[in-house]
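# Observations on the model geometry
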Amino acid sequence: MLNGWHGWFGTITGVLALTVAALPLAALTVWVLARRRNAAGTPLAWRKSLAEVAIVYGTVPWIWMILLPNDRSGDDPARVNLVPLRDLITVLGDGPLTATVQIVGNLLVFAALGFFGPLRFAALASVPRILALAAGGSVLVETLQYVLRLDRVSSVDDVLLNAAGAGLAALASRRWWRGRAGAPSGRPGTVLLPGR
């Protein structure tokens, strides 16, 4: 029975399946939080609730997958790469599918935080702040990979890609949060999320 549970919690396929299965629960959580906030008269109740749940739902599965041990975890010495772009160049040589999966996966790790963080927290309504937060989070994850000896390479390239993904996601949602940082929108007719 324990082996069956490991298939759900200890493999990338299992994490992806659990993430999809948890989508209705995430939607229910947004609804419950927003209803409670509306009842309490909290402004922007739906926006805050959606952003909070989306940050967790869109980040935790990626971190979970990154911290899954590979086949020889604990047996091989921990590996670190502090030379920028070395691993990226190596991955590009592994073929287009592998390279695409690796690069896109690393870009998505903190993308939910980058997209929804500034919508929820005014203090994060800045691309440099999002980049710094994502880079710090990525350094923490890479350090855990090293310390836990998960048979993974702790790489500066992962940190760069994780931060870049969060920054790009923040830019994608910027039209909705730019005014929160005190900067003018610079464009007439800026579209705002409902409840803004």
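Residues numbered from 1 in each chain as written. Predicted model: local features only at pLDDT ≥ 70, side-chain atom pairs only at ≥ 80, totals over all residues. Heavy atoms only, no water.

### Description of the packing of aromatic side chains
Defined as follows: Any pair of Phe, Tyr and Trp rings, taking the six-membered ring for Trp, is counted once the centres come within 6.5 Å. Such a pair is stacked with planes under 30 degrees apart, edge-to-face with planes over 60 apart, and tilted for the rest. When a residue's accessible area, from a 1.4 Å probe over protein chains only, is under 20% of the maximum for its type it is buried; when over 50% it is exposed; and in between it is partly exposed.
Inspection of the entire model under this criterion finds 2 aromatic pairs. Here the aromatic rings of Phe115 and Phe116 are separated by 4.8 Å at their centres, their planes lie at 65°, and the arrangement is edge-to-face. Since its relative accessible area comes to 24%, Phe115 is described here as partly exposed. By the ring-pair criterion, three or more aromatic residues cluster together here, those being Phe115, Phe116 and Trp176.

### A closer look at the packing of helix H3 (residues 23–39) against helix H4 (residues 45–66)
The cut-off we apply is this: Lines are fitted to the C-alpha atoms to define the axes, a helix being fitted only along its stretch in contact, and any angle between axes, read from their N-to-C directions, falls within 0 to 180 degrees. Going along the chain from the N terminus, every DSSP run of H or I of four or more residues is numbered as a helix, and every run of E of two or more is numbered as a strand. Note on terminology: angles under 35 degrees are roughly parallel, angles over 145 are roughly antiparallel, angles of 65 to 115 are roughly perpendicular, and the others are oblique. For a crossing to be left-handed, the near helix must be turned anticlockwise from the far one by less than a right angle; the clockwise case is right-handed. A contact between two residues is defined here by any heavy atoms of the two lying within 4.5 Å. Under this grouping Gly is polar, as are all residues other than the nonpolar Ala, Val, Leu, Ile, Met, Phe, Trp, Tyr, Cys and Pro and the charged Asp, Glu, Lys and Arg.
Between H3 and H4, the least distance of the axes is 8 Å, while the angle of their chain directions is 150°. The angle between H3 and H4 places the two elements in the roughly antiparallel class. The way H3 lies across H4 gives a crossing that is right-handed. When H3 is examined against H4, the residues Leu23, Ala26, Thr29, Val30, Trp31, Leu33, Ala34, Arg37 and Asn38 are found in contact with a partner set consisting of Ala45, Trp46, Lys48, Ser49, Leu50, Glu52, Val53 and Tyr57. By residue class, the composition of the contact of H3 with H4 is 11 nonpolar, 3 polar and 3 charged.

### Side note on a nonpolar patch on the surface
Which entries qualify depends on this criterion: A patch is a set of surface residues, each over 30% in relative accessible area and not in a salt bridge, joined within 9 Å for like charges and within 5 Å for the nonpolar side chains Val, Leu, Ile, Met, Phe, Trp and Tyr. Throughout, the Shrake-Rupley method with a 1.4 Å probe supplies accessible areas, and for residues the shown protein chains are the sole cover considered. Salt bridge, as used here, is a side-chain nitrogen of Lys or Arg placed within 4 Å of a carboxyl oxygen of Asp or Glu.
A contiguous nonpolar patch, built from Val80, Leu82, Leu140, Leu144, Tyr146, Val147 and Leu148 and spanning about 690 Å² of accessible area, is present on the exposed surface. In terms of residue count, the dominant contributor to the nonpolar patch is helix H8 (residues 127–147) (4 residues). Considering the arrangement of structural elements, one finds Leu144 in helix H8.

### Here's the deal with the confidence of the model for the chain
Just so we agree on the cut-off: pLDDT measures the predictor's confidence residue by residue and takes values from 0 up to 100.
Residues at a pLDDT of 70 or more form 84% of the chain, whose mean pLDDT is 87. Taken as a whole, residues 182–196 scores under 50 in pLDDT and shows 19 contacts with residues more than four places along the chain or in a different chain.

### Let's talk about H3
The α-helix advances 3.6 residues per turn, and as a result positions three or four apart in sequence lie on the same side. To keep it simple, the criterion reads: For a helix, the expected span equals 1.5 Å multiplied by the number of residues minus one. Along the arc lie the directions from the helix axis toward the C-beta atoms.
End to end, H3 covers 24 Å across 17 residues, agreeing with the expected 24 Å (1.5 Å per residue, within 8%). Within H3, the full set of buried residues consists of Ala26, Val30, Ala34 and Arg37. Angularly, the buried residues of H3 cover 65° about the axis, an arc narrow enough to put them on a single face. Exposed and facing more than 90 degrees away from the buried side of H3 are Pro24, Leu25, Arg35, Arg36 and Ala39. On its buried face, H3 sits against H4 and helix H7 (111–120). In the stretch just after H3, Gly41 is the one whose phi turns positive, near 80°.

### With respect to the side chain of Ser155
Relative to the elements of secondary structure, Ser155 occurs in strand S2 (residues 153–155). Judged by its relative accessible area of 4%, Ser155 falls in the buried class. Discounting residues that sit within four places of it in the chain, Ser155 has contacts with Asn81, Asp87 and Glu142.

### Points about the nonpolar core
As a reminder, the rule being used: Only buried Ala, Val, Leu, Ile, Met, Phe, Trp, Tyr and Cys residues count toward a nonpolar core, and they belong to the same one when joined by side-chain atoms within 4.5 Å.
Counting residues in each nonpolar core, the largest one holds 21 residues, and the members touching the most others are Phe110, Phe116 and Trp177. Mapped by element, the contributors of at least two residues to this core are H4, H7, H8 and helix H9 (156–177). Sequence-distant contacts of Trp177, that is, excluding residues within four places in its chain, are made with Arg47, Pro118, Leu119, Ala125, Ser126, Val127 and Ala170.

### Some points on the side chain of Thr19
Mapped onto the elements of the fold, Thr19 is located in helix H2 (residues 12–21). Taking relative accessible area as the criterion, Thr19 reaches 15% and is therefore assigned buried. Setting aside anything within four residues of it in sequence, one finds Thr19 in contact with Tyr57 and Pro61.

### Observations concerning H9
What counts here: In this analysis the local bend is the angle between axes fitted, respectively, to the seven residues ending at and the seven residues starting at the residue. Definition of a polar contact: a pair of N or O atoms within 3.5 Å, with one able to donate and the other able to accept a hydrogen when the atoms are protein atoms, and with sequence-neighbouring residues admitted only if both atoms are side-chain atoms.
Taking 1.5 Å of rise per residue, the 22 residues of H9 would be expected to cover 32 Å, and the 29 Å separating its terminal C-alpha atoms lies within 8% of that figure. Leu171 marks where H9 bends most, by close to 40°. Where H9 begins, one side-chain oxygen reaches toward the backbone nitrogen of Asp157, 3.0 Å away; that side chain belongs to Ser155.

### Concerning the pattern of salt bridges
Tallying each qualifying case throughout the model produces 3 salt bridges. The shortest N-O distance in the salt bridge between Glu52 and Arg37 comes to 2.8 Å. Within this pair, whereas Glu52 is found in helix H4, its partner Arg37 is found in helix H3, the two being separated by 15 residues in sequence. Where Arg120 meets Glu52, a salt bridge forms, and the shortest distance between an N and an O atom there is 2.6 Å. Note that Arg120 is positioned in helix H7 and Glu52 in helix H4, a separation of 68 residues in sequence. In this structure Arg120 comes out as buried when scored by relative accessible area, which is 17%.

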